[in-house]
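# Per-entry structural report
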Amino acid sequence: MATSSWWASALCESVNNVKPLAVICGGEELVLFRNAEGQVFALEDRCPHRRVPLSLGCVVGSGLQCGYHGWTFDGASGACTVIPNLSASERVPQRHAARAFMAKESNGFVHVWVGDGEPGATLPSADYSPTGREYTGSAVVSMTHDEYLAVMLDGPNCLLSFDAVQMTDFFLGDPQLVNDRLVLDRGAVWSSQILPSQFVADYPLIVRTAVPLRGGTIRVDLLSQDETPLSTLFISASANRRGTTSLCWRGFQHTTSMAGAPLRWRASRTAGRAPFSVNATINGSAIAALLVAPSRDLHELRQQIVVEQRLAV
Ligand code: FES
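What this report covers is the structure whose coordinates are included nearby. Remember, it's a predicted structure, so these values are computed and weren't measured experimentally. (Residues numbered from 1 in each chain as written. Predicted model: local features only at pLDDT ≥ 70, side-chain atom pairs only at ≥ 80, totals over all residues. Heavy atoms only, no water.)

## Here's the deal with the overall build of the protein
When its secondary structure is counted, the protein shows four helices and 21 strands. Put simply, the protein has 313 residues, and 49% of those count as buried. Sequence-distant contacts, at least 24 apart, represent 56% of the contacts inside the protein between residues at least 6 apart. Of the roughly 15,100 Å² that the protein leaves accessible, carbon and sulfur atoms contribute 51%. Computed over 25 positive and 28 negative side-chain charges, the separation of the two mean positions in the protein equals 7 Å. (Helix = DSSP H or I, 4+ residues; strand = E, 2+ residues; numbered from the N terminus. Buried < 20%, exposed > 50% of the residue type's maximum accessible area, 1.4 Å probe, protein only. Contact = heavy atoms within 4.5 Å. Areas by Shrake-Rupley, 256 points an atom, 1.4 Å probe, with all protein chains shown as cover. Lys, Arg positive; Asp, Glu negative; His and termini not counted. Charge placed at Lys NZ, Arg CZ, Asp CG, Glu CD.)

Put into structure tokens, the structure is as follows:
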């Protein structure tokens, strides 16, 4: 279910001025690249001449040269600027233009506006100032995008883990709508704890999951009981082909000291190991066993947006 919005489509460092990057986001097949000055561009990944992927071509100045017959397309407008072997009396026909998309960078992600209407002025990840040690990664998971978002609310432990932490099924309140994300807190405990988590009355940790209603990034925070941030993770998720989902993430470790943290957690932080891991392989049995609970709200809110956007067209 694609909505008109800014989609976080790639990590900024994965887009360069040498090799174009093919991505799929918001249901569109795109190619991302930069010019020598670092400006980022997004075009449909399809040459208007013979439909060959433009990502097989190469970057030329602020444009992309198709690898098949060498036509060049401007990154900002998509206009065809060069066709090799034209005679002096021939001009490049204007109708041969690639579809161009607006692209902007914020907080380490390249965002692309996909859909109808004027691009929103504010990028979804602009509400965060990155701090702490940084960890990044990417994967394609065999799960649809809608399901990935739903499971992130119903059972995030099926999709990711925090080192030495056990997430529980205990919600700390109802899901809240905050800045276009559905936010849910659940209790968590250190995995070194002896009592089973269902007998714990007071959770020393909180896992806060914030799932976007449109585009943007999923945000997951590991917090202490008094809401001191220990780790923050942003995951860009978008529908890929054949029911799969592309992920790229950027996460931060905020502090290495935390009262009550087990030795394993402290030693790993001191050694600089990532405090979280995002699953590249999904356990189908675990997903199938999950109850559909908070994700019902997400589904309804996302449906509402689609209906509103259809009515606005
Ligand atoms: S297919 Fe791209 S220039 Fe011909």
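The rest of the description comes next.
## So, empty space enclosed by the protein
Per the stated rule, a full pass over the model turns up two cavities of 30 Å³ or more. As a volume, the largest cavity reaches approximately 50 Å³. Surrounding the largest cavity, Trp7, His145, Leu149, Pro212, Leu213, Arg214, Gly215, Gly216, Thr217, Ile218, Ala237 and Arg302 form its lining. (1 Å grid on protein atoms, 1.4 Å probe; cavity = no way out; pocket = protein on both sides within 12 Å on 5 of 7 lines; lining within 4 Å. Points joined across faces, edges and corners; volume = space filled by probe spheres on them.)

## Things to note about unusual backbone geometry
Even without being glycine, glutamate 227 reaches a positive phi, approximately 70 degrees. Structurally, glutamate 227 can be placed in the loop between strand 18 (218-224) and strand 19 (229-239). Notably, arginine 242 is not glycine yet its phi reads approximately 55 degrees, a positive angle. For arginine 242, a relative accessible area of 84% translates into the label exposed.

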